[in-house]
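Residue-level structure breakdown
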Amino acid sequence: MPMRSHDAVPTPGLDRREFLRLAGASIALAGLDGCSRMPAEHILPYVDSRPELTPGVPQFYATAMCVDGFATGLLVESHDGRPTKIEGNPAHPASLGATSPIHQASVLQLYDPDRARAARIGARRTTWAEIAATLAPAALRARVGSGAGMRLLIAPTSSPLHEALLARVLQAYPEARIHMYAPLAPDAGLARTVPHYDLSRANVLVAIDSDFLASGPFHLRYARQFADNRRLASPSAPMNRLYAIESTVSPTGAAADQRFAVRPREIGSIVQSLLTAVRGGGAAPGWVAAIARDLAAHRGQAVVIAGSGLAEADRRAIDEINAALGATGTLAWYAPSPLLGGSVALHPFGELVAALHARTVDTLIVVGGNPSYATPAALEFSSLMRAVPNAGYLGPYENETARDARWFVPESHYLESWSDARAYDGTLSIVQPLVQPLYPSITAAELYAALGGTPANGAYDLLRQSWAARAGANAEDVWADALRRGLVPSTAFTATASAPANGGSVSPPAGEANATPAPGTLDVIYTADVKVHDGAYANNGWLQELPHPITKLSWGNAALLGVRTAQRLGVRDGDALTLASGGRELHVAAFTVPGHAEECVTLQLGYGRDGSESMAKGVGANAYALMPAPGVRVQSGVAVRAGGTAPAFALAQSESRMTIGEPVRRATLAEYRTSPTSVGDRPGRVLSLYPEPAPPGGEALPNQWAMTIDLGTCIGCGACVVACQAENNIPVVGAEEVRNARLMQWIRIDRYFAERENHDGDMETLFQPMLCQQCEHAPCEYVCPVEATVHSADGLNEMIYNRCVGTRFCSNNCPYKVRHFNWYDYNAHLSETELMVKNPDVTVRERGVMEKCTFCVQRIREAEIAAERDGRALRGSEVQTACQQACPTRAITFGSLTERDAEMMKRRQQPRAYSALRELGTEPRVRYLARVRNPNPDAEPTA
């Protein structure tokens, strides 16, 4: 079983004595007496103002996680000082209570046994204290003087604490240079303004090369606003309209009412045509002119969203479109960037590369990121870093960059760190730890303090000193309130209505997208992976095993092609391709995606790792090996030929067409309004051996649990899948088991490509979360020989694990195929740290038993106990399942059939509500709402 190669881990796992020490240190951090002698650093729970811990009762603490430097507020569930589950912070503007798969899986990374465990100089283990002594100004000035040969390469950060400490570093070394690098935005810190959108009032939206629903620092907020305007409480309710113009099929494109697949080289001319048409002049292609008319007809309620990878000229043209539509200042505006760079001078990444080539760098300190891997191979950054006499690295793993560094210090996980950061809108967020560091490690702030000669006793003291200097007279009260909330209210930056002046933002390199390509070559599109991002989360088993929303690939990436392009090249899914450009080659497997633009190929970054991380190593192809320059999104003139070598796919879904039945029902808004009942449960005779169940009579009866899922707002992001995995102790099975169709995830998101009627070649992408349907007439129950699966009084289809003997009859009899069998004991070889992530409220299953969704029964029972303790009746809407809580668009609602006025009941009574496979007579408790699209008949794409 390829779960994890522990032979690759250089140090042994924790023994039980060490485990208990860490647990005690975690409790001490919360203000109780533990067995750690570290000074107490008090953290405060989010809801309960009392710092006491009751054994067995979880508490929630507010903190923030940064991706590309932007903070998202989170709530972390802690069991006896051990964090086990991530939730969104409802009060945080970047979360609104939702999370992404990366946020959900970040708790697993805390317990990763591959994390670095010791500092070193060369191959010799050492301590941070020894390295700090060499970095102190008294020692380092003897080497670099005023800093002429000293460079810092830092990952994006928005921390005011980091900015203050780096300012002191520059005071000590005025000639030193600081560079900020991220793979797809290498000079993001140089942009002093960033675009913002308010989608809550937008009736017509156009996304141009923008996956704003599933990626970007504010995508959770945008997804919520977008979904709130298309819930269709009734057929006559208003509904927004989304157009997507893109090359690669994205979750945003899949959610769009109309999607237009274009080559990257065509986007610029489309934007200019749209601008001309909105202004009322010139001739535009048919669908472009129709979109322009629709935008103009909704002036003041229409907005165009620009992708971050667009060229500067295209973004400026989109600003002009929004201004012409009256959206500027209301639906679209600019605000100061929260990333560091205001009071600390940043220098372009290219200057660092030039200095490394010129051999003028004596001391290079890399803080975060992984540039030896996540830079184009053409730069040869790895060899350049090895040539630096004094190269150091602060990072979480002994990865590719650590391998090139002379000295290395492990970096603390954010759940072990004290820090601060800003959200995309500037809201100041607090990063407070849930545990003491599991291994000796430091934060970036501690490194900067050592470089600048700032005295401190750790990151907590640094943060408190910085806070006291900024908070004023009532600093203690503001501090305590910020710890509980996870943020400081009213700290968002003031909006700037107009677009920035030329040079106010930084455009990514355009590559060769507009050059005339050689015949037979393709355009290559480089994009971050929605799961492992740029490779930073590649060692996370939950994310590697999560099927990609569009391709359904797990454990790897592929070269994504359009159907006709694949036919021209003579390749089928899984065939090896060789891409060549500039003397570099990349071998990768082909994968056909209906709706992908033709004559171009998409490569997802973040795979093909070669560090010490055992789960990431060798998985997929390294697209950085072909990328010509940092930040290039599109490269033209890439030669392609069939052949080479590529690993076999780990594909979670092999059938993409709805060949039998209609599991996902759909209609246009016009069709739905004309015949509301046409997409819901259709009349017909349903044969059953069971008597019809009596409907629940009212709230005096016991709760009867049920769920409703709105397919019109589901974007297939996978947050629910990872949230369920974290909540219910679902194991990672590995790539080989996925190939054997043995995925254990209790929720799968089925993805279908459906050809629209009367539109030859125009494909619609459909999502359907599929979980145990909790059938009233459950086919699994009456075939179990030992009654391991039974029906509860409150309508749950229960699994009694210690009664199951593994006959798998129930799985064979389940028409939804949502029951999973433990072919192996997937938890048997986990390290002590990996076991710490397990939810103590859920049984950890062993080999030989069947398991499936339980509607988070542990949460139901916990709520029932609390209601009984308080002497009140439990309302069904008080309970949230893990999948419901994580969903950015609130597509999932849960509750009781006896609570007539609950949102879940209102949704399932809509005309478009239906049961999957209703004709089988299973009477599921899960109901779906058919997907309704709102297309513009005048803007239909051509085949």
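Details of the structure are given in the entry above.
Quick look at the structure, then. (Residues numbered from 1 in each chain as written. Predicted model: local features only at pLDDT ≥ 70, side-chain atom pairs only at ≥ 80, totals over all residues. Heavy atoms only, no water.)

Here we take up helix 8 (residues 264-278). Along its 15 residues, helix 8 runs 22 Å from first to last C-alpha, staying within 8% of the 21 Å computed at 1.5 Å per residue. Those residues of helix 8 not exposed but buried are Pro264, Ile267, Gly268, Ile270, Val271, Ser273, Leu274, Leu275 and Val278. Note on helix 8: the residue one or two positions beyond its end, Gly280, has a positive phi of about 90 degrees. (Helix = DSSP H or I, 4+ residues; strand = E, 2+ residues; numbered from the N terminus. Expected span 1.5 Å × (residues − 1). Buried < 20%, exposed > 50% of the residue type's maximum accessible area, 1.4 Å probe, protein only.)

It is worth spelling out the packing of helix 5 (residues 160-172) against helix 15 (residues 459-471) at this point. Relative orientation of the contacting elements helix 5 and helix 15 amounts to 95 degrees, with a least axis distance of 10 Å. On the basis of their axis angle, the class for helix 5 and helix 15 is roughly perpendicular. Across from Pro160, Leu161 and Leu165 in helix 5, the residues of helix 15 making contact are Leu462, Leu463, Ser466 and Arg470. (Axes fitted to C-alpha atoms, helices over the stretch in contact; angles between N-to-C directions. Parallel < 35°, antiparallel > 145°, perpendicular 65-115°, else oblique. Contact = heavy atoms within 4.5 Å.)

Take helix 4 (residues 137-144) next. Along an α-helix, residues three or four positions apart point the same way, because every turn accommodates 3.6 residues. Every buried residue of helix 4 is accounted for by Pro137, Leu140 and Val144. Seen end-on, helix 4 carries its buried residues on one side only, within an arc spanning 75 degrees. Residues Ala138 and Ala142 are exposed on helix 4 and point more than 90 degrees away from its buried face. Those residues of helix 4 hidden inside the fold are in contact with helix 3 (128-135), strand 6 (150-154), strand 14 (363-367), strand 15 (390-395) and helix 14 (444-452). Just downstream of helix 4 lies Gly145, where phi reads positive at about 60 degrees. (Arc of directions from axis to C-beta.)

Reading around the circumference, 19-24-21-23-22-25 is the order of the six strands in this closed barrel, with mixed pairing throughout. Ignoring strand direction, the axes of neighbouring strands in this sheet form an average angle of 45 degrees. Note that strand 22 (residues 576-581) and strand 25 (residues 634-642) share four bridges and pair antiparallel. Counterpart to Ala580 in the pairing with strand 25 is Ala639. Its contacts with the sheet place helix 8 against strand 19 (522-527), strand 24 (600-604) and strand 25, and it is angled at close to 85 degrees to strand 19. (Pairing = 2+ DSSP bridges.)

This part takes up unusual backbone geometry. Located in the positive-phi region is Asp80, a residue other than glycine, with phi close to 50 degrees. Relative to the helices and strands, Asp80 resides in the loop between strand 2 (70-79) and strand 3 (82-88). Look at Asp80 and you get partly exposed, because its relative accessible area is 38%. At Ala741, a residue that is not glycine, the phi angle is positive and equals roughly 60 degrees. If you trace the backbone, Ala741 turns up in the loop between helix 21 (735-739) and strand 29 (748-755). Ala741 sits in the exposed class, given a relative accessible area of 69%.

Let us look at the environment of Leu153. If you trace the backbone, Leu153 turns up in strand 6. In this structure, the C-alpha to C-alpha distance between Leu153 and Phe349, residues 196 residues apart in sequence, is 8.4 Å. Each residue touching Leu153, except ones within four places of it in the same chain, is listed here: His179, Tyr181, Phe349, Leu352, Leu364, Ile365, Val366, Val367, Pro371 and Phe381.

Here we come to the packing of aromatic side chains. Going through the model one piece at a time under the given rule, you end up with 21 aromatic pairs. Ring centres 6.2 Å apart and planes at 70 degrees place the aromatic pair Tyr197 and Tyr222 in the edge-to-face group. With Tyr197 in strand 8 (residues 193-197) and Tyr222 in helix 6 (residues 219-228), this pair connects stretches of sequence that are 25 residues apart. Of the residues examined, Tyr222 reaches a relative accessible area of 7% and is grouped as buried. Here the aromatic rings of Phe260 and Trp287 are separated by 4.2 Å at their centres, their planes lie at 10 degrees, and the arrangement is stacked. (Phe/Tyr/Trp six-rings, centres within 6.5 Å; stacked < 30°, edge-to-face > 60°.)

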